[in-house]
Amino acid sequence: MPKKVVLAYSGGLDTSVAIRWLAEKYDAEVVTLTIDLGGQKDLEEVRARALKTGAVKAYVVDGKEMFVQDFVFPAFQAGAVYQGQYPLATALGRPLIAKLLVEMARKEDAQYVAHGCTGKGNDQVRFDVSVGALAPELKVIAPAREWGMSREEEEEYARRHHIPLVIKKGLYSTDENLWGRSIEAGPLEDPWREPPEEAFDWTRAIADTPDQPLYLEVAFEQGLPIALDGEEMDGVALINRLNALAGEHGVGRIDHIEDRLVGIKSREVYEAPAATVLLKAHQALEAMTLSRDQLRFKAKVSEEYAELIYNGLWFGALRRDLAAYVGSTQQHVTGSIRVRLHKGNCTVVGRRASQSLYRYDLATYGAQDAFDQKASPGFIHIWGLQTRIQAQQQPEEPPDA
Ligand code: ARG
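In this text the structure is predicted, and so the values were computed from the model without any measurement.

*Asks:* So what's going on with the overall build of the protein chain? Residues and values would help.
*Replies:* When helices and strands are counted, the protein chain shows 14 helices and 14 strands. Principal-axis analysis of the C-alpha atoms places the extent of the protein chain at approximately 85 × 55 × 45 Å. Sequence-distant contacts, at least 24 apart, represent 73% of the contacts inside the protein chain between residues at least 6 apart. Accessible surface computed for the protein chain: about 20800 Å², of which carbon and sulfur atoms make up 51%. Between the mean site of the 46 positive side-chain charges and the mean site of the 58 negative ones, the protein chain shows a separation of 2 Å.

*Asks:* Describe the site of the ligand, with residues and values.
*Replies:* Near the ligand you find 15 residues, and of these Y86, N122, R126, E258 and E268 are the closest. Taking S173, its side chain carries an N or O atom lying 3.1 Å from a nitrogen atom of the ligand. Here E268 contributes a side-chain N or O atom positioned 2.8 Å from a nitrogen atom of the ligand. Sorting the residues of the shell around the ligand by element identifies α4 (89-107), α5 (123-134), β6 (173-177), β7 (180-184) and β12 (265-271) as the ones contributing at least two each. Among the elements that make up the shell around the ligand, the one with the highest residue count is β6 (3 residues). For the shell around the ligand, the class distribution of residues is 4 nonpolar, 5 polar and 6 charged.

*Asks:* Just give me the short version of the domain arrangement of the protein chain, but keep the residues and values in it.
*Replies:* As far as domains go, the protein chain holds domain 1 (3-160), domain 2 (175-352) and domain 3 (360-389). Opposite the 44 residues of domain 1 that make contact, domain 2 presents 48 residues. Buried area between domain 1 and domain 2, summed over both chains or domains, comes out near 3900 Å², and the portion from carbon and sulfur atoms is 68%. A per-residue breakdown of the area domain 1 buries against domain 2 is headed by F76, Q77 and Y82, which together make up 19% of the total. Seen at the junction of domain 1 and domain 2, the total is 1 salt bridge. A salt bridge links D175 to R94, with the nearest nitrogen and oxygen atoms 3.7 Å apart. For the interface between domain 1 and domain 2, the tally reads 14 residue pairs in polar contact (both at pLDDT 80 or more). Broken down by secondary-structure element, the contributors of at least two residues to the side of domain 1 that touches domain 2 are α3 (64-78), α4 and α5. By residue number, the principal contributor to the side of domain 1 that touches domain 2 is α3, which donates 13 residues. Considering only residue class, the side of domain 1 that touches domain 2 consists of 24 nonpolar, 13 polar and 7 charged.

*Asks:* Got a sec to walk through the packing of aromatic side chains? Specific residues and values, please.
*Replies:* Applying the stated criterion across every chain yields a total of 12 aromatic pairs. Ring plane angle 50° and centroid distance 6.5 Å describe the contact between F73 and F76, whose orientation is recorded as tilted. Here F73 pairs with F76, and both are found in helix α3, just 3 residues apart, close to one helical turn. The class for F76 is buried, based on a relative accessible area of 1%. An aromatic cluster is built from W21, Y26, Y112 and W147, whose rings are joined through pairwise contacts. Here R126 stacks its cationic end above the ring of Y310, 4.9 Å away from the centre of that ring.

*Asks:* Kindly report on the side chain of S266, identifying the contributing residues and their values.
*Replies:* Within the element layout of this structure, S266 appears in strand β12. Within polar-contact distance, the side chain of S266 engages the side chain of R260 at 3.3 Å. S266 has contacts with H256, I257, E258 and R260, leaving out every residue within four places of it along the chain.

*Asks:* I'd like to hear about the sheet that holds strand β2 (residues 28-36), residue by residue, with values.
*Replies:* In any sheet, the strands associate via hydrogen bonds between backbone groups, in a parallel or an antiparallel arrangement. Taken in spatial order, the 5 strands line up as β3-β2-β1-β4-β5 in an open sheet, and their pairing is parallel. The outermost strands of the open sheet, each flanked by one partner alone, are β3 (57-62) and β5 (139-141). Averaged over all neighbouring strand pairs, the angle between strand axes comes to 25°, with direction disregarded. Two strands pair when backbone bridges link them, and strand β4 (residues 112-114) and β5 are joined in this way by 3 bridges, in the parallel orientation. Following the sheet pairing, A114 is matched in β5 by I141. Sitting on the sheet, helix α2 (residues 43-53) touches β2 and β3, and the angle it makes with β3 is about 160°.

*Asks:* Break down the pattern of salt bridges for me, with residues and values.
*Replies:* Any two side chains of opposite charge can pair, on the condition that their charged atoms come close. Tallied over the full model, the rule gives 29 salt bridges. E108 is paired through a salt bridge with K4; the nearest N and O atoms lie 2.7 Å apart. Highlighted residues: E108 in the loop between α4 and β4 and K4 in strand β1 (residues 3-8), separated in sequence by 104 residues. Residue classification places K4 among the buried residues on the basis of a relative accessible area of 17%. When the shortest N-O distance is used, the salt bridge between E137 and R106 registers 3.1 Å. Here E137, found in the loop between α5 and β5, pairs with R106, found in helix α4; they are 31 residues apart in sequence, far enough to count as distant. Residues joined in a network through salt bridges with shared partners are R94, D123, R126 and D175.

*Asks:* So what's going on with the sheet that holds β12? Residues and values would help.
*Replies:* Strands sit in the order β6-β7-β12-β11 across an open sheet of 4 strands; the sheet is antiparallel. Of all the strands in the sheet, just β6 and β11 (253-259) have a single pairing partner and so form its edges. Here the strands of the sheet are splayed against their neighbours by 25° on average, with no regard to which way each runs. Packed on one face of the sheet, α4 meets β6 and β7 and runs near 70° to β6.

Criteria and cut-off values
- The residue numbering used here restarts from 1 in each chain and proceeds along that chain's sequence as written.
- Residue-level local features of this predicted model are given only where pLDDT is at least 70; pairs of side-chain atoms are given and counted only at 80 or more, and the full residue set underlies all totals for whole chains, interfaces and linings.
- Computation of side-chain values covers all heavy atoms of the structure but excludes hydrogens and water.
- Secondary structure is summarised from DSSP: a helix means a run of H or I of at least four residues, a strand means a run of E of at least two, and numbering begins at the N terminus for each.
- Any two residues having at least one pair of non-hydrogen atoms within 4.5 Å are treated as being in contact.
- Note that accessible areas follow from Shrake-Rupley with a 1.4 Å probe, and for residues the cover is restricted to the protein chains shown.
- For the purpose of charge, His is not counted, nor are the chain termini; Lys and Arg are scored as positive and Asp and Glu as negative.
- Lys charges are placed at NZ, Arg charges at CZ, Asp charges at CG and Glu charges at CD.
- Each residue is tested against the molecule or strand, and it is near if at least one of its non-hydrogen atoms lies within 4 Å.
- Under the rule applied, a polar contact is a pair of N or O atoms within 3.5 Å (in protein, one hydrogen donor and one hydrogen acceptor; residues adjacent in sequence only if both atoms are side-chain atoms).
- Classification convention: Asp, Glu, Lys, Arg as charged; Ala, Val, Leu, Ile, Met, Phe, Trp, Tyr, Cys, Pro as nonpolar; all other residues, Gly among them, as polar.
- Those domain boundaries reflect an automatic or database domain assignment.
- Each of two parts loses accessible area, computed with a 1.4 Å probe, when they are put together; buried area is these two losses added.
- We count a salt bridge whenever a side-chain nitrogen from Lys or Arg sits within 4 Å of a carboxyl oxygen from Asp or Glu.
- Two rings from Phe, Tyr or Trp (for Trp, the six-membered ring) form a pair when their centres are within 6.5 Å of each other. A pair whose planes differ by under 30 degrees is stacked, one over 60 is edge-to-face, and the rest are tilted.
- When accessible area is computed with a 1.4 Å probe and restricted to protein chains, residues below 20% of their type maximum are described as buried, those above 50% as exposed, and intermediate ones as partly exposed.
- A ring is scored as having a charge over it whenever the NZ atom of a lysine or the CZ atom of an arginine sits within 6 Å of its centre and within 35 degrees of its normal.
- One requirement defines pairing of two strands: DSSP has to find at least two bridges between them.
- Helix axes use the C-alpha atoms of the stretch in contact, all axes being lines fitted to C-alpha atoms, and the angles between their N-to-C directions lie in the range 0 to 180 degrees.

Here you go:
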């Protein structure tokens, strides 16, 4: 019986070359698995290409719903953003792809799973750790980490083996799913250089955005978005719609220097229109519905959550622990946020929540003021007690006194 490998197949150069290379090097039958996470490719065409290249079987699976419900939304409620900039689109897709690879490997009785990641990035870590957690019996092969071919050599290999390729004169390395589009390499490797306009695909240049702002109302229920301008829709539809609307106004471009897990600093560019709007709106709603203490503590949890997603630890116990905490915080995060999208900016301009902690009668300086100002001196007297005593007992001396 020949050995069998299930390869996560995107249809690009690396994974196309990998089909042929795996068959030769590992003397294995290659089954490809292409997962639709909401990128914009024609996946039937990708499937056909896998078969033409030598795959014995080629599967295409729609993972959009599972991606949004089980990966994007929990991370979203957590407010997970890596290094304060990156909403983690690619990082969230990997554990899901790993999970489906494992399921397919079991169904197909395969001994191996494979992916197209190089040995320099985060994605190899996310795949390998996830597969290791879900199916320790499977061996993971990463051809691009083993074969030592340059891009030119890969192209030469493809020509020699008549591997059909869509030659998108690829300056950039990109990855996309519903939560965002990641763009790396090529001209972006010079951190001084402004990203060329051609790097972007989902967002308009500011010069081409409408002059009129777009006002939009985002409704949330228990921390999840459920409607845009009063129209209820499921998560996939809502994110798709918002990517289009906010992208048209140039919202959601991100350009930063990112610390990869393997120690490399890398210039990363993203387009994440829906994520940008939703994260901002969600934060504004939490400001209305969570206490000061909850907000402070949740900010720390958000950071930990983002780190573990970035670092490939989705299937670890810490994520489940943090998810339980985050879930508990979202109970009253229900209400609506009004945003204005204009010339690349998303600005929160209004907020409303049924169980809001904002109290007009306490905040107002007008006639309806219900706050007891006479109680403040007593509060301040005790609040400042330690500071006063310390100032008296341990006065700050001039250095040479
Ligand atoms: N730096 C991002 C991350 O680690 C994006 C990686 C994108 N991958 C790619 N093939 N362009 O999640």
